[in-house]
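So the chains spell out like this:
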Amino acid sequence: MVTIYGSPKSSSGRCFWCLEEAQVPYDAKSINFKEKQHKSEDFLKINPNGKVPVLTDGEFTVWESMAINHYLAETHKPELLGTTVQNKALVQQWTLWALAELQPPIIDVFIQLVFVPEDRRDLKAIEKATAKLPSLLETLNAALLNKTHLVGDAFSLADLHVFSVASLCRDIKFDTSSYKNMNAWMLKILERPAYKNYQKLCN
Ligand SMILES: N[C@@H](CCC(=O)N[C@@H](CS)C(=O)NCC(=O)O)C(=O)O
């Protein structure tokens, strides 16, 4: 039995979404941050980083949200990884781009706006991170010209991972109205039954 540790409302969310896409039966265990459950001896045995998400499958344990999704796809819905050698590489390309390029500036702003009280915010850090977003979002927007999916002609982990980061633009109130292809792609993804199931878990 697969068990996912974490909340659908955190960076674990993309794993809950992937579980729904791959139609994997699972057990969810929430971790109480206030009680420092993620730093407990028991939890550190499954993730020495003291972070969620973590997935266990029998005796097997994996952490890092995008690696968890790779495992779920391999074991339950391999087409999410791309169906040709080239498309598999492109799914990796967009996954790593989401994690290494797009996520850091968005998270920098997110932390300031969501967790830091207004009078203690680092405005320079917000400005610096925000300035990186237009060229990143333009890259994404250009890749989606006349396309409904980032890789090939089917939904893949490239879409799931990039969407899970790009959608945070709404939380940081970054205006994305000029990125028309990206917005059309996002609207289609919002209609996915698996995405809707995952959203229900967040309510
Ligand atoms: N790169 C990791 C990030 C995991 C992460 O930062 N998780 C946060 C929750 S959103 C956490 O557990 N934070 C607890 C801590 O840092 O002490 C992933 O994608 O899985």
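S.K.: Which residues make up the environment of L44, and what values do they have?
M.R.: Locating L44 in the fold gives a position in helix α2 (residues 41-46). Of the residues examined, L44 reaches a relative accessible area of 33% and is grouped as partly exposed. When sequence neighbours within four positions are dropped, the list of residues in contact with L44 reads H38, K39 and G50.

S.K.: Describe helix α9 (residues 193-202), naming the residues involved and giving the relevant values.
M.R.: Along α9, the residues classified as buried are A194, Y195, Y198 and C202. Looking straight down α9, one finds its buried side chains confined to an arc of 100°; they lie on one side. Pointing more than 90 degrees away from the buried face of α9 are the exposed residues P193 and K200.

S.K.: Provide a residue-level description of the nonpolar core, including the pertinent values.
M.R.: W17, L102, L140, L150 and W185 are the most contacted members of the largest nonpolar core, which totals 56 residues. Structurally, this core is a two-domain feature, drawing no fewer than three residues from each of domain 1 (2-76) and domain 2 (81-192). Not counting chain neighbours up to four residues away, the residues in contact with W185 comprise L140, L144, T148, H149, L150, D159, V162 and F163. Of all hydrophobic cores here, the second largest spans six residues; its members include Y5, I31, I46 and V52.

About the thresholds
- Residues numbered from 1 in each chain as written.
- Predicted model: local features only at pLDDT ≥ 70, side-chain atom pairs only at ≥ 80, totals over all residues.
- Heavy atoms only, no water.
- Helix = DSSP H or I, 4+ residues; strand = E, 2+ residues; numbered from the N terminus.
- Buried < 20%, exposed > 50% of the residue type's maximum accessible area, 1.4 Å probe, protein only.
- Contact = heavy atoms within 4.5 Å.
- Arc of directions from axis to C-beta.
- Core = buried A, V, L, I, M, F, W, Y, C linked by side-chain atoms within 4.5 Å.
- Domains from an automatic or database assignment.

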